[in-house]
Amino acid sequence: MTYICSICGYVYDEEAAGIPFAALPEDWTCPRCGAEKAMFDPDGKEEAPAKAEAGGQVQTPVQLSPRALSAIFSNLARGAQKQYHPQEEALFMEISDYFLSLSPAEECNAGDLHSLVSSDLAGIYQECEEAAVKAADRGALRARLWSQKVSRIVESVLSRYEREGGRLLEGKNVYVCSVCGFVFTGTQAPEICPVCKVPAWKFDMIS
Amino acid sequence: MEMKAVRNLRLCTKDCLCLYVCPTGASDTEDSVIDAQKCTGCGACAGACPSGAISMMPVRLPLQQEKDAEVISRMNVLLESLVRREAMADKLSSDADPVLAKVAQAIRRSSRLSAEDIAREAGYMLPQSARAIGLLKELVDNPPTKDFPKASALALIRALEEM
Ligand code: SF4
Ligand code: SF4
Ligand SMILES: [Zn+2]
Ligand SMILES: [Zn+2]
């Protein structure tokens, strides 16, 4: 395993040096630039050369619906966008749109949508939580919690629509948090998203 | 670790301190995107920026976290339900009642965002991860229909493997 000086790029090779990096005294410094030991980073490339190692066997996507694949690819497009890779973002979006075009339309009314959301809230969120707790996967716990809270708000907006009909939006707009999907009806976006805590400018107004 | 500076254009207020401190001129470009060829990763711009608009990113990201099979399978069930919700909301977004149409439009967007987040935590976090590349390869080998954008998928695989 090798360690690299974050200041000058000097490479400490444990094998060549015969001493594990961790065993070096705390006052040891980079022989080239004098940086402290703490300024060295393990070289991740050497540690895990095979990219394929992450996640092990790649699961077959066949059991996923076209729309689920569309969401996977639009999510990867966001991942590319966040890393400032616009070309890759566009290519991922092209594939996402392709799967969206394959997705069948769903015949339904507002009541069907309401029932679907309620049945998720009665079951799958709980199952996701159990699996995530067991695997100590806090990322999954976080995503599941946000999605559950967002589903609760969606359910309540649908209930209010059933009760109030057209009055639901009298003098009001609908806003969606662009990070977690929180839905808000009001005269302006909330100062902070109640679910994911991003500021108001992260909300989009539905027009 | 090799680093490069990246600038968030939404946060940048054009105060221009980064232009003064950059030793190579990498932060001074006509499109405001920091020139990765010139950037040495010194970090001076990120430290000087009064708006927190510049981040230092490792050139190579660590491997994606392993995911438990059971978590993946549960989250995929949730993912399928969220996209079904999106499909229903899509249908209702053209309803004759404008209030329902608007609410449905919001739910369509909300469901997609939630589905994306769940997909991320079900093992598709990093675009350059083995799982994402593996999925693309599998689709190139077995395109679902003849219209599958194979050339784009291949270009994407090449680009991601470079990262
Ligand atoms: S210092 Fe920050 S805010 Fe100013 S121009 Fe540079 S990136 Fe933008
Ligand atoms: S990290 Fe250093 S070289 Fe790169 S843009 Fe910032 S100041 Fe310039
Ligand atoms: Zn509340
Ligand atoms: Zn939010």
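Since the structure is predicted, the reported quantities are computational estimates derived from the model, not experimental observations.

## Brief notes about the domain arrangement of chain B
Residues and elements named next belong to chain B. Partitioning chain B into structural domains gives domain 1 (3–58), domain 2 (63–125) and domain 3 (126–163). Centre-to-centre separation of domain 2 and domain 3, based on C-alpha positions: 22 Å. With six residues of domain 2 at the contact, the number on the domain 3 side is six residues. Counting the surface lost from both domain 2 and domain 3, the interface buries some 540 Å², and carbon and sulfur atoms represent 54% of this. Ranking the residues of domain 2 by area buried against domain 3 places Gln64, Tyr124 and Met125 at the top, with a combined share of 80%. The interface formed by domain 2 and domain 3 includes zero salt bridges. For the pair domain 2 and domain 3, the interface holds two residue pairs in polar contact (both at pLDDT 80 or more). Here the side of domain 2 that touches domain 3 is built from residues that sort into four nonpolar, two polar and no charged.

## Side note on empty space enclosed by the protein
Residues and elements named next belong to chain B. What the rule picks out here adds up to two cavities of 30 Å³ or more. In this model, the largest cavity occupies a volume close to 90 Å³. Lining the largest cavity are 14 residues, with Ala5, Cys22, Cys39, Cys42 and Cys45 sitting closest to its centre. Residue composition of the lining of the largest cavity, by class: ten nonpolar, four polar and no charged.

## Quick word on the site of ligand 1
Taken together, Arg7(B), Cys12(B), Thr13(B), Lys14(B), Asp15(B), Cys16(B), Leu17(B), Cys18(B), Cys49(B), Pro50(B), Ser51(B) and Ile54(B) make up the full set of residues adjacent to ligand 1. Its residues assigned to classes, the shell around ligand 1 comprises seven nonpolar, two polar and three charged.

## Here's the deal with the pattern of salt bridges
If you walk through the whole model with that rule in mind, you get 20 salt bridges over all chains. Between Lys67(B) and Asp137(A) there is a salt bridge; the shortest N-O distance is 2.6 Å. Pair noted here: Lys67(B) is in the loop between β2 (54–58) and α3 (69–92) and Asp137(A) is in the loop between α6 (124–134) and α7 (138–164), and the two residues belong to different chains. Grouping residues by exposure puts Lys67(B) and Asp137(A) together as buried. Of the charged contacts, one joins Lys137(B) and Glu161(B) as a salt bridge, the two residues approaching to 2.8 Å between their closest N and O atoms. With Lys137(B) in helix α5 (residues 130–141) and Glu161(B) in helix α6 (residues 150–162), the pair connects residues that are 24 residues apart, well separated along the chain. Taken together, the salt bridges that share partners define one network made up of Asp137(A), Arg142(A), Lys67(B), Asp117(B), Arg120(B) and Glu121(B).

## Describing the coordination of the zinc ion (ligand 4)
For a metal bound by four donors in a tetrahedral arrangement, the ideal donor-metal-donor angle is 109.5 degrees, while six donors in an octahedral arrangement ideally sit at 90 or 180 degrees. Residue and element names in this part refer to chain A. Coordination of the zinc ion (ligand 4) by the protein comes from Cys177 (SG), Cys180 (SG), Cys193 (SG) and Cys196 (SG), over a distance range of 2.2 to 2.3 Å. Coordination at the zinc ion (ligand 4) is tetrahedral, judged from the four donor atoms that bind it and the angles of 101 to 115 degrees they form at the metal. One chain supplies every donor to the zinc ion (ligand 4), and in sequence these donors are spaced C-x2-C-x12-C-x2-C. Taken together, the residues cysteine 177 in strand β4 (residues 173–177) and cysteine 196 in the loop between β5 (183–186) and β6 (203–206) connect sequence positions 19 residues apart. Accessibility assignment for this pair places cysteine 177 and cysteine 196 in one class, buried.

Thresholds, definitions, all that
Residues numbered from 1 in each chain as written. Chains lettered and ligands numbered in written order. Predicted model: local features only at pLDDT ≥ 70, side-chain atom pairs only at ≥ 80, totals over all residues. Heavy atoms only, no water. Domains from an automatic or database assignment. Contact = heavy atoms within 4.5 Å. Buried area = accessible area lost by both parts, 1.4 Å probe. Salt bridge = Lys/Arg side-chain N within 4 Å of Asp/Glu carboxyl O. Polar contact = N/O pair within 3.5 Å; in protein donor to acceptor, adjacent residues only side chain to side chain. Nonpolar A, V, L, I, M, F, W, Y, C, P; charged D, E, K, R; others polar. 1 Å grid on protein atoms, 1.4 Å probe; cavity = no way out; pocket = protein on both sides within 12 Å on 5 of 7 lines; lining within 4 Å. Points joined across faces, edges and corners; volume = space filled by probe spheres on them. Near = heavy atom within 4 Å. Helix = DSSP H or I, 4+ residues; strand = E, 2+ residues; numbered from the N terminus. Buried < 20%, exposed > 50% of the residue type's maximum accessible area, 1.4 Å probe, protein only. Donors = N, O, S within 2.8 Å, 3.2 Å for Na, K, Ca; no water. Tetrahedral: all angles 85-135°; square planar, octahedral: opposite > 155°, others 65-115°.

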